[in-house]
Amino acid sequence: MKFVTFYRINFRNPRNVFLLNAQMRDYARIGVELFAQRLVIYAAALLLEAFYYSWLLASISLAVLIVSEAFDYTTHRRILKLRDRNIKDTRACFRRMLFGTVLSAVNITGFAISIALLQGHTTHFMPLFFLFAAALFATMNNHQVTSIVHLRLAIYFAAFLFIPLYDIVATSAPLSSELWAQFFTSVFVMFFILDCSRVSSGLYRKTLEQMESLKREYVKSKAAFIAKSEFLATVSHELRTPLTSIKGSLDLIGYGALGEVPERMEKVLMIAQRNSERLNVLINDLLDLQRMEAGRMSFRFDRIHLASFLTQVVTATRPFAENLDIKIILEPVDDYLYVNGDEVRLNQVLANILSNAAKFSPAGETVTIRADAQNDKVRISVIDHGFGLSEKHRETVFKEFSQLDSSDQRKIGGTGLGLNISKRIMDAHDGVLDYFKNDDAGTTFYIDLALISGPCESGKEGRPVGIAEIVLEA
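Residues numbered from 1 in each chain as written. Predicted model: local features only at pLDDT ≥ 70, side-chain atom pairs only at ≥ 80, totals over all residues. Heavy atoms only, no water.

Visitor: Before we go on, may I ask you to explain the overall build of the protein chain in this structure?
Guide: In terms of regular secondary structure, the protein chain is built from 13 helices and eight strands. For the protein chain, the proportion of its 474 residues judged to be buried stands at 43%. A separation threshold of at least 6 residues defines the contact pool for the protein chain, and within that pool the share at least 24 residues apart is 74%. With the model as given, the accessible surface of the protein chain reaches about 26200 Å², and the carbon-plus-sulfur share is 59%. (Helix = DSSP H or I, 4+ residues; strand = E, 2+ residues; numbered from the N terminus. Buried < 20%, exposed > 50% of the residue type's maximum accessible area, 1.4 Å probe, protein only. Contact = heavy atoms within 4.5 Å. Areas by Shrake-Rupley, 256 points an atom, 1.4 Å probe, with all protein chains shown as cover.)

Following this line, the structure appears as structure tokens:
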């Protein structure tokens, strides 16, 4: 990335125009932000000139200042509205910047020189200090467009040299005179300001290069993300149709719809059915993930009676629990508890948590689910007695395609997407999905949802649901 300077601009080159627009917008943005600060500094300097030297010169400087600042302000506003491809407006705004720079710099140098002339042939701390402050301010805040800062500093440096040289020439001062020391000090200050300008410009150039690099990486990442999403969507949809046919055929055979299944085929058929179901879950998870990342996951929020909802979820988990020799206990749920949410998606979250609890619990153990009202929220907890997750597992648990047990010998397979998708679903509900390690064995996963009022509000004494406890035994 190169700086665009006024003596090398090729307005026919679109890249040059684009870079110049970017630099001009940065320049204008800083100019607008520092508008009030500049006015306060100028006002203080003009008050000192008026009080100690001349009200007339201070008034003239003030008039030019008002014209200059008004011109610069309108120019900055116009630059901020520039379009990258409008070369005509870019050229016009650039010329306005040059004119505004000359007007402002000449006013400041005229202010400093007028004070120096009024002081007579002596050391000129006040006007030279004002010039130094103005030059330093320019190097810090006008470095976005190299030509502007160069032009402004050239005018300031001319005043830096004029003030001590005028005294030297007018008084024919010998080299031993303090006026020469003032001249050499001015030269030293000029080199210092030039070095500051070089550093500021270098830092700005480096920032622009980094921003350009980040933009390129962002474009690449966005393209890769779109390609990945499209690939997942295409593959998932293309796999779903034949898989549905395969799974349906296997189920028909397994149920004996096509005749009795020979005993030697039953084991192989069960393996095929189990793996087709795993593939179906994987495809559904991939489609959910793709929709969520693309922001196209739809939710149907409605009032949910928590007791009935949890009963349905637990009942639906019966086959899975029986296969693993796991007992699921639903503790009594208050009948007045209602939440607002998408019942299908919340069912997906709890089914995933319950299945994980069953998978990671030893055979013969129990998994408990309970709902506790806590002020304006309800916490649904799933308590297992497995090996227990610690804090070090937290990042892995909710990460995409991650499994705590990824070995070939794990008891039950999985996609590694369930908890990641569940957490995204809870985020969409403004809820919480988290876990903590039990004091004894196992882990408690919980979700927090906001409570809402329901038609059974009068039952707040805690009347339990009709089916107070469900025990799913193998």
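And the narrative resumes.
Visitor: Sorry if this is basic, but what is going on with the packing of helix α4 (residues 87–119) against helix α6 (residues 146–171) here?
Guide: Angle between the axes and distance between the axes are the two parameters that describe a pair of packed helices. Here α4 crosses α6 at 15°, and the two axes come no closer than 9 Å. In terms of orientation, α4 lies roughly parallel with respect to α6. Read as a crossing pair, α4 and α6 show a hand that is right-handed. Residue composition of the contact of α4 with α6, grouped by class: 19 nonpolar, four polar and one charged. (Axes fitted to C-alpha atoms, helices over the stretch in contact; angles between N-to-C directions. Parallel < 35°, antiparallel > 145°, perpendicular 65-115°, else oblique. Left-handed = near helix turned anticlockwise from the far one by under 90°. Nonpolar A, V, L, I, M, F, W, Y, C, P; charged D, E, K, R; others polar.)

Visitor: Quick question: what am I supposed to make of the packing of aromatic side chains here?
Guide: Geometrically, a pair of aromatic rings is defined through the distance of the ring centres and the angle of the planes. Overall, the coordinates contain 15 aromatic pairs when judged by the stated rule. Pairing W180 with F184 gives two aromatic rings, centres 5.9 Å apart and planes at 35°, and the pair type is tilted. With W180 and F184 both in helix α7 (residues 178–254), this residue pair falls four residues apart, about one helical turn. Residue classification places F184 among the partly exposed residues on the basis of a relative accessible area of 46%. An aromatic cluster of at least three residues, connected via ring pairs, comprises F111, F125, F129 and F130. Between the NZ or CZ atom of R303 and the centre of the ring of Y338, over which it lies, the distance is 5.8 Å. (Phe/Tyr/Trp six-rings, centres within 6.5 Å; stacked < 30°, edge-to-face > 60°. Lys NZ or Arg CZ within 6 Å of the ring centre and 35° of its normal.)

Visitor: Even after reading the chapter, I still don't get the nonpolar core, so can you show me in this structure?
Guide: Proteins that are soluble and globular tend to have nonpolar side chains buried together. Counting residues in each nonpolar core, the largest one holds 46 residues, and the members touching the most others are L306, L310, L350, F445 and I447. Per-element tally for this core: the top contributor is helix α11 (residues 343–359), with seven residues. If we ignore the near neighbours within four places in the chain, the residues touching I447 are V349, L350, I353, V378, R379, I380, M426, V432 and L433. Within the second largest apolar cluster, 28 residues are counted, among which are L65, L153, Y156 and F160. (Core = buried A, V, L, I, M, F, W, Y, C linked by side-chain atoms within 4.5 Å.)

Visitor: Explain unusual backbone geometry to me, please; I cannot follow it from the model alone.
Guide: Note: most residues except glycine have negative phi, and most peptide bonds are trans. A positive phi angle, close to 60°, is found at D325, a residue other than glycine. With respect to the secondary-structure elements, D325 resides in the loop between α10 (318–323) and β2 (327–330). Judged by its relative accessible area of 37%, D325 is partly exposed. Non-glycine residue D430 carries a positive phi angle of around 55°. One can find D430 in the loop between α13 (418–428) and β6 (432–437). On the accessibility criterion, D430 (75% relative accessible area) is exposed.

Visitor: Just checking my understanding: could you explain helix α8 (residues 263–293) for this structure?
Guide: Structural remark: α-helix, 3.6 residues per turn; residues separated by three or four positions point the same way. Over its 31 residues, α8 runs 46 Å from end to end, which matches the ideal 45 Å to within 8%, given 1.5 Å per residue. Within α8, burial applies to L269, Q273, S276, I283, D285, L286, L287, D288, L289, Q290, M292 and E293. (Expected span 1.5 Å × (residues − 1).)

Visitor: Explanation requested: the pairing of strand β4 (residues 366–374) in the structure shown.
Guide: Where a strand is regular, its side chains alternate between the two sheet faces. Pairing of β2 with β4 involves four bridges; the strand directions are parallel. Within the sheet, the bridge partner assigned to L330 lies in β4 and is I369. As paired strands, β4 and strand β5 (residues 377–383) are joined by seven bridges and run antiparallel to one another. Residue pairing for β5: A373 is matched across the bridge by V378. Once β4 ends, the chain turns through two residues before running back antiparallel as β5, passing N375 with a positive phi of about 60°. (Pairing = 2+ DSSP bridges.)

Visitor: What exactly am I supposed to notice about the confidence of the model for the protein chain here?
Guide: Low-confidence regions, as indicated by low pLDDT, have predicted coordinates that should not be scrutinised in detail. Counting all residues, the mean pLDDT for the protein chain is 81, and 87% of those residues have values of 70 or more. Here strand β8 (residues 470–472) stands out as the element of the protein chain with the lowest mean pLDDT, 37, in contrast to β5, whose mean of 93 is the highest. In this model residues 406–410 is a low-confidence stretch, pLDDT under 50, and it forms three contacts with partners more than four residues away in sequence or in other chains. This stretch, residues 456–474, has a pLDDT under 50; its non-local contacts, to residues over four places away or in other chains, come to 39 contacts. (pLDDT = per-residue confidence, 0-100.)

Visitor: Quick question: what am I supposed to make of the packing of helix α2 (residues 35–52) against α4 here?
Guide: Put simply, α2 and α4 touch, their axes get as near as 11 Å, and they point 25° apart. Comparing their axes, α4 and α2 come out roughly parallel. Helix-helix and strand crossings are classified by hand; for α2 and α4 the assignment is left-handed. Here Y42, A45, L46 and E49 of α2 lie close against α4, whose contacting residues are S104, I108, F111, S114 and I115. Residue composition of the contact of α2 with α4, grouped by class: six nonpolar, two polar and one charged.

Visitor: Please explain the pairing of β6 as it appears in this structure.
Guide: Sheet analysis places β6 next to strand β7 (residues 443–452), joined by six bridges and oriented antiparallel. Across the sheet, the residue bridging to D434 is Y446, located in β7.

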